[in-house]
Each structure stands twice: as C-alpha cells, then as structure tokens.
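Examination of the molecular architecture
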Amino acid sequence: MQRAALWWLKRDFQLADNPALTAALDEAERVVPVFVVEPSLLDAAETSAFHVNAWLDAARELRARLRAVGSELLLLRAEAIEAFERARALWSFEAIYSHQETGSALTFQRDRAVARWCRETGIAWRELPQSGVFRGLRDRDERHRRWTAWTRAPLLPAPDAARLARTALPDALRPLAEAGWDRPDAYGFPSPPAGTGTTQPVSEAAGQATLTDFLSARGIGYSGGISSPNRAFRCGSRLSVHLAWGTLTARAAYQATRCRLDELKGSPEPDAARWRRSLTSFLSRLHWRDHFIQRLESEPEMEFRALNPAYEALVFDGPPEWLAAWRDGRTGFPLVDACMRCLRATGFINFRMRAMITSVACHTLHLDWRAIMRPMACLYADYEPGIHISQLQMQAGVVGINTLRVYNPAKQIQDHDPRATFVKTWLPELRDIAPERIVGHQASPVSAYVAPLTDWETSSREYRTRYMAVRRLAETRQSAAAVLAKHGSRLKRGARRS
Ligand SMILES: Cc1cc2nc3c(=O)[nH]c(=O)nc-3n(C[C@H](O)[C@H](O)[C@H](O)COP(=O)(O)OP(=O)(O)OC[C@H]3O[C@@H](n4cnc5c(N)ncnc54)[C@H](O)[C@@H]3O)c2cc1C
C-alpha cells in the first residue's frame with residue numbers, strides 16, 4: 001500500500017460512485033482531498049459566476065461531510081502544479097488520484113503539464129474514468145459494448161466513516177488551509193442573490209434529491225414537456241448541473257431509472273404507459289451525453305475547427321456588435337431575447353431553445369460558431385465542454401452528417417409558447433401586450449420593443465444558399481463519410497430517436 005496520496009477533485013464532488021476516491025482509499029493509507037482553484041480557469045473566457053458558484057456550492061457540501069468525520073477538504077488557490085508543489089514542500093505524497101477529465105483545451109493543456117510534472121517528480125498520477133467516455137478509443141464500433149458494460153456495472157459505495165477518516169488533514173498541511181475561500185466574491189465573482197431560487201443548488205444531496213423527485217413525480221411529463229421553455233424547467237430531469245460538475249454520475253441516474261422502469265412493467269396504473277415513454281426517452285438522452293462527450297475526447301481540436309473541415313470554407317460575416325446584442329438579449333426576436341435573458345438570470349434553458357438561439361446566431365445573424373461558443377458556455381450553469389462543443393457544431397451545421405435545421409423563432413413561439421407566457425416573463429416590455437400581437441410574428445409589432453437586427457427570412461435564406469454550396473461539393477461529402485465513420489452513432493435509427 002502506498003503511504004500517502006492526494007485526491008485531486010475536479011468535476012467529481014461526490015463520495016458515492018467515485019472511482020478516483022475509491023481507488024485512492026484502496027491503495028493509499030492517507031488520502032488528502034484537494035480542490036485547486038486555478039487563476040487561469042477563473043480568468044478564462046469560458047468561466048462565469050454560474051460555474052464558480054457551482055464549484056463552491058459542491059465543495060462546501062463535501063467539506064461539511066468530511067468535517068463530520070474529522071476530515072477536511074483542502075482548497076488551494078494556485079495553478080495546479082504550483083498547488084501540488086506547495087503541498088509537497090510540507091508533506092510528502094507518492095500519488096495523485098483524479099478522474100479522467102474531457103475538458104476544453106485549457107484543462108487539457110493543464111493536464112498534460114501535470115502529467116509531465118508527475119513524471120519528473122516521480123509521483124504516480126492515476127486518472128480513473130467516471131463516465132462511459134473512453135480514453136484512447138480507437139474503434140468506434142466498440143463504444144456501445146463498452147458503454148453498456150460501464151453503465152450497468154455495480155455502483156461504487158460511498159466510503160464508510162472509518163474509511164473516510166483516512167482523509168483527515170495532516171498537521172503539516174494545516175498552514176495551507178485557507179479561511180473564507182468558499183464565497184464566489186473571494187474570486188471576484190458575484191454570488192446569486194440569496195433565497196431567490198433562480199439557480200439550482202449543486203451538491204451530492206441536491207443531485208440525489210433532484211433524481212428522486214424526477215423519477216417519482218416530475219418525470220411523467222418528460223416526453224412532450226421538454227420542448228417547451230415553460231414546462232422543461234419542471235418536466236426535464238434538471239440533472240445537467242449535477243452530471244456536469246460531478247455531484248451525480250450518469251450511471252447512477254441510469255440505474256435508478258432502469259429500476260423505476262422495472263417497477264412500471266405490467267403496472268395497472270393508468271399513467272404507467274406515459275411514465276414508460278418518458279423514462280425510455282430520458283435514458284436515450286443519458287446515452288447521447290457520453291456519445292457527444294466522446295467526440296471531444298477523441299478529437300480535441302474540434303474546439304477550434306469544424307469536425308468536417310470542408311465547412312471551414314463557410315463565411316460568417318455578421319457584424320461584431322450583433323454578437324453583443326445576441327448575448328444580451330437585444331436581437332429584436334422576442335423568443336430569442338427571452339431565452340437569453342432567462343439564461344442570464346437562471347443559467348438554464350431547454351434543449352430546443354438552445355438549438356434555436358444557436359441557429360439564430362449562426363444562420364440568421366451569421367455569427368461564427370466559435371464566436372458564440374464561450375459566451376454561451378458562460379450562460380450555462382451546466383457547462384460541459386464535450387456536449388457543448390459537439391452540440392454547437394451540430395446545430396451550426398458544420399458536422400455535416402445531419403440535416404441542417406434552421407429554426408424560425410416565430411414558429412417556435414407558436415409551437416411552444418402559444419400564450420407568450422415565457423416571452424412575457426422575461427421581456428417585461430411586452431407584459432401588457434396581447435399574446436396574438438407577439439405569437440406568430442417574426443418580431444413584436446410593438447414600437448416600444450427593439451426592431452429585429454435583420455430580416456429573418458432573407459438572412460436565413462442567404463445562409464442556407466452559402467451552406468448548400470459547400471454541402472454539395474464532392475470533398476464535403478467525402479469528409480462527411482469520414483466523420484460518420486469516426487464519430488457517428490452506431491445505434492439503429494429507431495433507437496437513436498426518442
Ligand atoms: C448548443 C447547445 C449547447 C449545449 N450545451 C450543453 C452543456 O454545456 N451542458 C449540458 O449538460 N448540456 C448541454 N446541451 C444539451 C441539453 O440542452 C441539456 O443537456 C439539457 O437541456 C439539460 O436539461 P436536463 O438535465 O433537464 O436534460 P434532460 O433532457 O433531462 O437530459 C438528461 C441529461 O442527458 C444529457 N443530455 C440531454 N440532452 C442532450 C443532448 N442533446 N446531447 C447530449 N447530452 C444530452 C444531459 O447530461 C442531461 O442532463 C446543449 C445543447 C445545445 C443545443
């Protein structure tokens with residue numbers, strides 16, 4: 001058994017089903033939990049107050065649970081290597097345990113530097129998978145079999161109190177324990193206004209409670225409910241923040257859902273069929289999650305260039321001031337603006353609206369998908385680089401293996417907000433206007449409201465023409481076939497849809 005190790009927390013703030021923590025406790029006598037707040041990540045264009053609040057929320061709960069058994073969560077405010085060196089100067093450790101992170105270029109480069117530093121210093125760094133995303137996966141055909149095995153494997157139990165007591169902070173490290181670290185304002189980020197309930201709490205307990213509530217009450221409305229910006233707040237699982245920051249594993253959610261489906265089998269309850277449809281559809285989303293993260297894991301360059309290189313020829317020439325107008329909810333398209341303002345307040349919007357705001361940015365305002373990537377990441381409390389970048393490219397149309405979907409915001413209001421309830425909630429300027437003056441119109445005909453930045457019909461048609469000119473090229477079709485072979489889903493069409 002190794003003598004001493006660090007458990008380096010990244011996106012895994014949970015005690016249950018935590019492979020890194022489990023391995024550390026199996027293999028080391030003394031394990032110190034460390035969360036490193038890196039200035040380079042705090043300063044990054046992809047980081048926002050939503051994310052810092054999520055880290056600290058999760059860290060506070062974990063610390064409380066560790067303190068209950070006389071342990072501590074050590075927070076170090078430094079770049080990762082500097083943090084490890086500081087710790088090593090006071091206390092010698094032989095190994096670091098962490099989960100395998102599929103992150104943006106920033107954390108990927110950081111991990112490479114840490115790997116080099118570990119080799120130079122003779123410290124063993126064990127990175128353990130915590131999801132059905134596979135490092136070094138060469139054969140995409142293998143993925144589904146491995147994913148199924150991973151997802152159905154028994155969950156790892158949370159360590160009992162005696163085992164957890166081995167995470168007590170050594171006296172030598174006490175001088176590093178900082179006070180007052182758990183408030184976002186300590187890092188120059190605002191805290192959410194107390195008690196408004198606009199953002200979700202992020203902790204292992206909240207993750208479990210959200211899952212239980214979804215499976216026992218809210219989930220019945222999932223199928224059909226998640227397309228509506230009004231209903232998705234309740235009918236969606238709302239697990240994304242927990243899955244993104246690691247206060248719940250996707251396989252724990254998957255297994256609990258399978259149990260619930262087993263209970264519903266042959267149930268005489270009148271709602272059983274509706275429940276089954278909803279939960280089956282939810283399970284496929286959990287599969288998509290790892291499917292999309294695997295793309296970034298296998299091709300990290302996709303943060304910077306289109307998966308299908310032929311689409312690099314597409315011209316995005318929207319004026320830069322349109323980017324700010326889109327981000328701040330001032331495009332003049334009421335549903336788009338309502339979504340952006342909702343995001344700024346809550347950090348959440350449903351999938352369909354995320355696809356629509358992406359489409360309007362890229363296809364109507366002609367903004368490059370790379371230009372909206374980080375501003376949009378900042379608005380998502382559940383920012384998960386693998387899903388985010390993959391979905392962004394897909395909705396922009398630069399993956400090229402799906403049909404291009406150009407969303408019409410006027411039609412989206414008609415279909416999903418027919419009484420303009422959502423629009424009026426987030427655009428107080430329109431509160432006293434009759435719904436029929438908003439619904440079905442491309443922009444609100446109210447003079448008090450900002451005029452659209454551009455004509456939706458003309459701009460979107462122009463984009464489609466540019467897009468189709470690239471799509472028809474023989475080289476585009478060839479690279480689309482290569483993308484499909486490398487990254488396409490291997491599930492049958494019926495199984496992929498939900
Ligand atoms: C441009 C764009 C960017 C996005 N960025 C993110 C992001 O940064 N983080 C994020 O978690 N989701 C992202 N999504 C996917 C999706 O919108 C959210 O996962 C979902 O709205 C979260 O709500 P929920 O947890 O209630 O979802 P549910 O519908 O209950 O789904 C359960 C879980 O499955 C996963 N999931 C759901 N839909 C998808 C999907 N289409 N692709 C991959 N995984 C999915 C998520 O982990 C989600 O929490 C993005 C979608 C688009 C179009």
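Residues numbered from 1 in each chain as written. Predicted model: local features only at pLDDT ≥ 70, side-chain atom pairs only at ≥ 80, totals over all residues.

**Examining the overall build of the protein chain**
- Summing up its helical and strand segments, the protein chain has 23 helices and five strands in all.
- Against the 2.2 N^0.38 benchmark of 23 Å for 498 residues, the protein chain shows a C-alpha radius of gyration of 24 Å, consistent with a compact globule.
- For the protein chain, the spread of C-alpha atoms along the principal axes amounts to about 70 × 55 × 45 Å.
- For the protein chain, the proportion of its 498 residues judged to be buried stands at 44%.
- Taking contacts inside the protein chain between residues at least 6 apart in sequence as the whole, the part at least 24 apart equals 79%. (Helix = DSSP H or I, 4+ residues; strand = E, 2+ residues; numbered from the N terminus. Rg over C-alpha atoms; globule rule 2.2 N^0.38 Å. Buried ≥ 20, exposed ≤ 12 C-beta atoms within 10 Å, placed from the backbone. Contact = placed C-beta atoms within 7 Å.)

**Remarks on the site of the ligand**
- Around the ligand sit 28 residues, and of these Gly236, Ser237, Ser240, Phe351 and His388 come closest.
- Here the element with the most residues in the shell around the ligand is helix H13 (residues 272-298); it accounts for six residues.
- Here the residues of the shell around the ligand sort into 14 nonpolar, eight polar and six charged.
- Inspection of the shell around the ligand shows a minimum of three residues originating in each of domain 2 (204-297) and domain 3 (302-488). (Near = placed C-beta within 6 Å. Nonpolar A, V, L, I, M, F, W, Y, C, P; charged D, E, K, R; others polar. Domains from an automatic or database assignment.)

**Observations regarding the nonpolar core**
- Core analysis: the biggest nonpolar cluster contains 113 residues, and Ala5, Trp7, Val34, Cys339 and Val423 have the highest contact counts within it.
- What cysteine 339 contacts, discounting residues up to four positions off in sequence, is Pro229, Ile349, Met353 and Ile357.
- Residues Ile226, Ala232, Trp275 and Phe282 belong to the second largest nonpolar core, which totals seven residues. (Core = buried A, V, L, I, M, F, W, Y, C linked by C-beta atoms within 7 Å.)

**Considerations on the pairing of strand E2 (residues 28-37)**
- With eight of ten residues buried, E2 is to be regarded as a mostly interior element.
- Both E2 and strand E3 (residues 74-77) contribute to a ladder of four bridges, which runs parallel. Bridging from a neighbouring strand, valine 34 pairs with leucine 74 of E3. (Pairing = 2+ DSSP bridges.)

**Observations concerning the domain arrangement of the protein chain**
- We note that the domain assignment places domain 1 (2-130), domain 2 (204-297) and domain 3 (302-488) within the protein chain.
- Using only C-alpha atoms to locate each centre, domain 1 and domain 2 end up separated by 29 Å.
- Tallying the contact residues gives 13 residues for domain 1 and 13 residues for domain 2.
- Residues belonging to the side of domain 1 that touches domain 2 are distributed by class as follows: six nonpolar, three polar and four charged.

**What about the packing of H13 against helix H18 (residues 385-396)?**
- Closest axis-to-axis distance for the H13/H18 pair is 7 Å, and the angle between their directions is 85°. On the basis of their axis angle, the class for H13 and H18 is roughly perpendicular. Packed against H13, whose contacting residues are Arg289, Phe292, Ile293, Arg295, Leu296 and Glu297, the element H18 presents Pro385, Gly386, Ile387, Ile389, Ser390 and Gln391 at the interface.
- Taken together, the residues that form the contact of H13 with H18 break down as six nonpolar, three polar and three charged. (Axes fitted to C-alpha atoms, helices over the stretch in contact; angles between N-to-C directions. Parallel < 35°, antiparallel > 145°, perpendicular 65-115°, else oblique.)

**Points about the pairing of strand E4 (residues 95-99)**
- Most of E4 sits inside the fold, with five of its five residues counted as buried.
- The alternating pattern of E4 places Ala95, Tyr97 and His99 and Ile96 and Ser98 on opposite faces, both of which are buried.
- Relative to strand E5 (residues 124-128), E4 is paired through five bridges, and the arrangement is parallel. Each residue of the ladder has a partner; that of alanine 95, found in E5, is alanine 124.

**Let's talk about the environment of asparagine 350**
- Along the chain, asparagine 350 turns up in the loop between helix H15 (334-346) and helix H16 (351-364).
- Overall, asparagine 350 belongs to the buried group, with 22 C-beta atoms counted inside 10 Å.

**Some points on unusual backbone geometry**
- Notably, aspartate 17 is not glycine yet its phi reads approximately 50°, a positive angle.
- Within the secondary structure layout, aspartate 17 lies in the loop between strand E1 (2-9) and helix H1 (19-27).
- At alanine 420, a position not held by glycine, the phi torsion is positive, near 60°.

**Here we look at helix H4 (residues 80-90)**
- Those residues of H4 not exposed but buried are Ala80, Ala83, Phe84 and Ala87. Projected down its long axis, H4 shows its buried positions confined to an angular sector of 95°, all on one face. (Arc of directions from axis to C-beta.)

**Considering helix H12 (residues 250-264)**
- Here H12 spans 21 Å end to end across 15 residues, near enough to the 21 Å set by a 1.5 Å rise per residue.
- The set of residues buried in H12 consists of Ala250, Arg251, Ala252, Ala253 and Thr257.
- Taken together, the buried residues of H12 touch helix H6 (140-152), helix H8 (204-216), helix H11 (240-245) and H13.
- The positive-phi residue at the C-terminal boundary of H12 is glycine 266, with phi of around 65°. (Expected span 1.5 Å × (residues − 1).)

**Quick look at the environment of leucine 367**
- Looking at where leucine 367 falls in the secondary structure, it is placed in the loop between H16 and helix H17 (369-379).
- Put simply, leucine 367 and glycine 318 are 49 residues apart on the chain and 5.1 Å apart in space, counted from C-alpha to C-alpha.
- Apart from residues no more than four positions distant in its own chain, leucine 367 is found in contact with Phe316, Gly318, Trp322, Leu323, Trp326, Ala361, Cys362 and Ile372.

**Observations concerning the confidence of the model for the protein chain**
- Overall, the prediction assigns the protein chain a mean pLDDT of 93, with 96% of residues at 70 or greater.
- The low-confidence segment residues 493-498, where pLDDT is below 50, has five contacts with residues more than four positions distant or belonging to other chains. (pLDDT = per-residue confidence, 0-100.)

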